[in-house]
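Tertiary structure, described
So you can see what is in the structure, the chains are spelled out below.
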Amino acid sequence: MQRKRHMKIIIDTDPGQDDAAAIMLALGSPELEILGLTIVAGNVPLDLTTRNALMICELSGRLDVKVFAGAEGPLIGPQVTAEHAHGKSGLDGPDIFKPSIALQTQYAPDFLVETILKEDKKTVTLCPIGPLTNIALALKSEPEIASRIEKIVLMGGGYFAQGNITPSAEFNIFADPEAAKIVYNCGAPIIMMPLDVTHQILTTKARVEKIQAVGNTASLALAKMLGFYSRYNSKKYGNDGAPLHDPTTIAWLLKPELFNGRHCNVEIETESEITRGATVIDWWEVTDRPKNAYVVNEVNSDEFFDLLTDRLGNLN
Ligand code: BDR
Ligand code: CA
């Protein structure tokens, strides 16, 4: 049997129940070495996203994971949060507790720069699943890291699926469009998981029951999180279940064959009052603007959930 390649990753995150699913999927996957979690303000303010990240590691039985707090808000303008989808804590569903894991003292963008410079060139993959502020701050402080990053596999944006926080913008990009612009223009290879693909992955009742049936601490907590998360989104979209956005990034690293997409030019709208934060994707190649992202638009959702459920079984 061919041995899977070992991958070093940093997850940049604003947990969030779907962030929790992404972090747990990564923690349960032996092919991935998580160099750290870098935390950004997003779904809820930074103190809560940081607390939530520590909680997720603890629920997974992984007290060794290094967690770094980063940006408290976007590069420009006020912070946008999403308590309407994630609850007041950002992780509503299971009991909230004070984690015992200590937060690292280094600032997340500094950790990103130091690690990418220290590790061999093109060996570190970034998985941003929140607003792109930390990644943009790292790129601004040390532009050289762009050529050293192996790839950036991010959740954000939408094209045919349009927006979820405004009619034309997806939350992670809308929360910091200036940061997104810096990241999309940095020159590192980008794999983009937009709403178009994440809306195909629904947390149906049957799938959440399978997660719960894994029966360990992590999966029982995740099932409770998804119970809360599904209620809001099912009502909004009228489906059985909610789109499970963020773990698509990790699943792509583990099993890219579950996904399809194409290389496109992607530009970020920062000016317009109405479409600020929109990702303008040249899907039909109607311009000669350079292709700067691989945009994913299809997924095998049953196999995605099989993978997630299976890997949860490796946790606490
Ligand atoms: C994205 O926004 C957040 O609310 C989710 O965690 C996900 O990263 C989806 O638009
Ligand atoms: Ca997120």
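A short tour of the structure in this document, coming up. (Residues numbered from 1 in each chain as written. Chains lettered and ligands numbered in written order. Predicted model: local features only at pLDDT ≥ 70, side-chain atom pairs only at ≥ 80, totals over all residues. Heavy atoms only, no water.)

Observations regarding the pattern of salt bridges
Scanning the entire structure with this criterion turns up 8 salt bridges. The closest approach of N and O atoms between Glu31 and Arg311, which form a salt bridge, is 2.9 Å. Remark: Arg311 occurs in helix α12 (residues 301–312) and Glu31 occurs in the loop between α1 (17–27) and β2 (32–39); sequence separation between them is 280 residues. Put simply, Arg62 and Asp64 hold a salt bridge, and the shortest N to O gap is 2.9 Å. Linked through salt bridges whose partners overlap, the residues forming this network are Glu31, Asp310 and Arg311. (Salt bridge = Lys/Arg side-chain N within 4 Å of Asp/Glu carboxyl O. Helix = DSSP H or I, 4+ residues; strand = E, 2+ residues; numbered from the N terminus.)

Examining a nonpolar patch on the surface
A surface patch of nonpolar side chains, amounting to about 490 Å² of accessible area, comprises Tyr159, Phe160, Trp284 and Val286. With respect to the helices, strands and loops of the structure, Val286 is situated in the loop between β9 (279–281) and β10 (293–299). Residue Val286 is classed as exposed on the basis of its relative accessible area of 70%. (Patch = residues over 30% accessible without salt bridge, like charges linked within 9 Å, V, L, I, M, F, W, Y side chains within 5 Å. Areas by Shrake-Rupley, 256 points an atom, 1.4 Å probe, with all protein chains shown as cover. Buried < 20%, exposed > 50% of the residue type's maximum accessible area, 1.4 Å probe, protein only.)

Observations regarding the state of the cysteines
All told, the structure shown has 0 disulfides when counted by the stated rule. For the unlinked cysteine Cys127, the closest cysteine sulfur is that of Cys186, found at 14 Å. Cys127 sits in the buried class, given a relative accessible area of 0%. (Disulfide = S-S within 2.5 Å.)

With respect to helix α11 (residues 247–254)
Burial within α11 is extensive, with 8 of its 8 residues counted as buried. All buried positions along α11 are accounted for by Pro247, Thr248, Thr249, Ile250, Ala251, Trp252, Leu253 and Leu254.

Distances and angles like these do not, on their own, reveal function.
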